[in-house]
Amino acid sequence: MAIREILKMGDPRLLKVAEPVQAFDTPELHALIQDLKDTMAHAQGAGLAAPQIGVDLSVVIFGFGRSQRYPDAPPVPETVLINPIITPLSDEEENGWEGCLSVPGLRGVVPRFARIRYQGFDQLGQPIDREAEGFHARVVQHECDHLIGKLYPMRVRDFRQFGYTSVLFPELEALQED
């Protein structure tokens, strides 16, 4: 449908808590999801949340077979997740590098729960209930953070591991935007 502008860190709309979706399988919801998919593909992202394109709804998409932004990452199932709930399956955390389309040009090490259960709905209102670990769990947590007004730099604990992608990962410099 359309490639939308991705809001950047500093825009107050990224700090709001998103509203839950009330109606599923509507033309408006399908159009939003197509815009998210088109925008994410254009930006070569691993995921995208509706607030990142200025839509105040609890909708995220994520997944890929292979990611140019994260070339060493295993595949993550392509998913539309609406009104998500995340439950950690243990207290164990893993540190990992993250970037964000709303925080272009930077990466940082962020702690995330190693194993999670995520629940919600797809665009038709069908329930989703999955367990995830590793990078899959990281992507889900990162995208769902956007729904509660959090950007990954807010979760960085050691700012010695936060900086410009071009400095930290020069091999990824060819990317259009991080």
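A. Representation of the sheet that holds strand 3 (residues 76–88) in the model. If you trace the 5 strands from one edge of the open sheet to the other, you get 1-2-3-6-7, paired in antiparallel fashion. The open sheet has two edge strands with one neighbour each: strand 1 (47–49) and strand 7 (127–133). Adjacent strand axes in the sheet meet at a mean angle of 35° when their direction is disregarded. Together, strand 1, strand 2 (59–64) and strand 3 form the strand contacts of helix 1 (residues 27–43), whose direction differs from that of strand 2 by roughly 40°. In this fold helix 2 (residues 134–145) packs onto strand 1, strand 2, strand 3, strand 6 (115–121) and strand 7, with an angle of close to 70° to the strand it touches most, strand 3.

B. Summary view of helix 1. Look at helix 1: 24 Å from first C-alpha to last across 17 residues, which is about the 24 Å you get at 1.5 Å a residue. On its buried face, helix 1 sits against strand 1, strand 2 and strand 3. Looking at the residues trailing helix 1, positive phi occurs at glutamine 44, about 60°.

C. Main features of the pairing of strand 7. Two strands pair when backbone bridges link them, and strand 6 and strand 7 are joined in this way by 7 bridges, in the antiparallel orientation. Along strand 7, the bridge assignment pairs glutamine 119 with aspartate 129. Counting the residues in the hairpin turn of strand 6 and strand 7 gives 5 residues, including glycine 125, whose phi is positive at 90°.

D. Region of interest: the nonpolar core. One finds Val60, Phe62, Leu81, Tyr118, Phe135 and Val140 to be the most contacted residues of the largest nonpolar core, which totals 20 residues. Among the elements that take part in this core, helix 2 stands out by supplying 5 residues, more than any other. Apart from residues lying up to four places away in sequence, valine 140 is in contact with Phe62, Leu81, Ile86, Ile116 and Tyr118. Ile33, Met40, Ala50 and Ile53 belong to the second-largest nonpolar core, a separate cluster that totals 17 residues.

E. Representation of helix 2. The terminal C-alpha atoms of helix 2 lie 17 Å apart, and with 12 residues this matches the ideal 16 Å at 1.5 Å per residue to within 8%. Counting buried residues in helix 2 gives 11 out of 12 residues, a clear majority hidden from the surface. Those residues of helix 2 lying buried are Phe135, His136, Ala137, Arg138, Val139, Val140, Gln141, His142, Glu143, Cys144 and Asp145.

F. Region of the structure containing the layout of surface pockets. Of the voids in this model, the largest pocket is the one considered here, and its volume is about 340 Å³. Considering the residues around the largest pocket, the lining is formed by 18 residues, among which Ile86, Gln141, Asp145, Ile148 and Arg155 are closest to the centre. Among the elements of the structure, strand 3, strand 5 (103–113) and helix 2 are those that each provide at least two residues to the lining of the largest pocket. Looking at the lining of the largest pocket residue by residue, the class counts come to 11 nonpolar, 2 polar and 5 charged. Approximately 250 Å³ is the volume attributed to the second largest pocket. Taken together, 16 residues make up the lining of the second largest pocket; nearest its centre are Met40, Gly45, Gly63, Phe64 and Glu78. A total of 4 residues in the lining of the second largest pocket trace back to one element, the largest contributor, which is strand 2. For the lining of the second largest pocket, the residue count by class is 6 nonpolar, 7 polar and 3 charged.

Reading the values: rules and limits
- Residues numbered from 1 in each chain as written.
- Predicted model: local features only at pLDDT ≥ 70, side-chain atom pairs only at ≥ 80, totals over all residues.
- Heavy atoms only, no water.
- Pairing = 2+ DSSP bridges.
- Helix = DSSP H or I, 4+ residues; strand = E, 2+ residues; numbered from the N terminus.
- Axes fitted to C-alpha atoms, helices over the stretch in contact; angles between N-to-C directions.
- Contact = heavy atoms within 4.5 Å.
- Expected span 1.5 Å × (residues − 1).
- Core = buried A, V, L, I, M, F, W, Y, C linked by side-chain atoms within 4.5 Å.
- Buried < 20%, exposed > 50% of the residue type's maximum accessible area, 1.4 Å probe, protein only.
- 1 Å grid on protein atoms, 1.4 Å probe; cavity = no way out; pocket = protein on both sides within 12 Å on 5 of 7 lines; lining within 4 Å.
- Points joined across faces, edges and corners; volume = space filled by probe spheres on them.
- Nonpolar A, V, L, I, M, F, W, Y, C, P; charged D, E, K, R; others polar.

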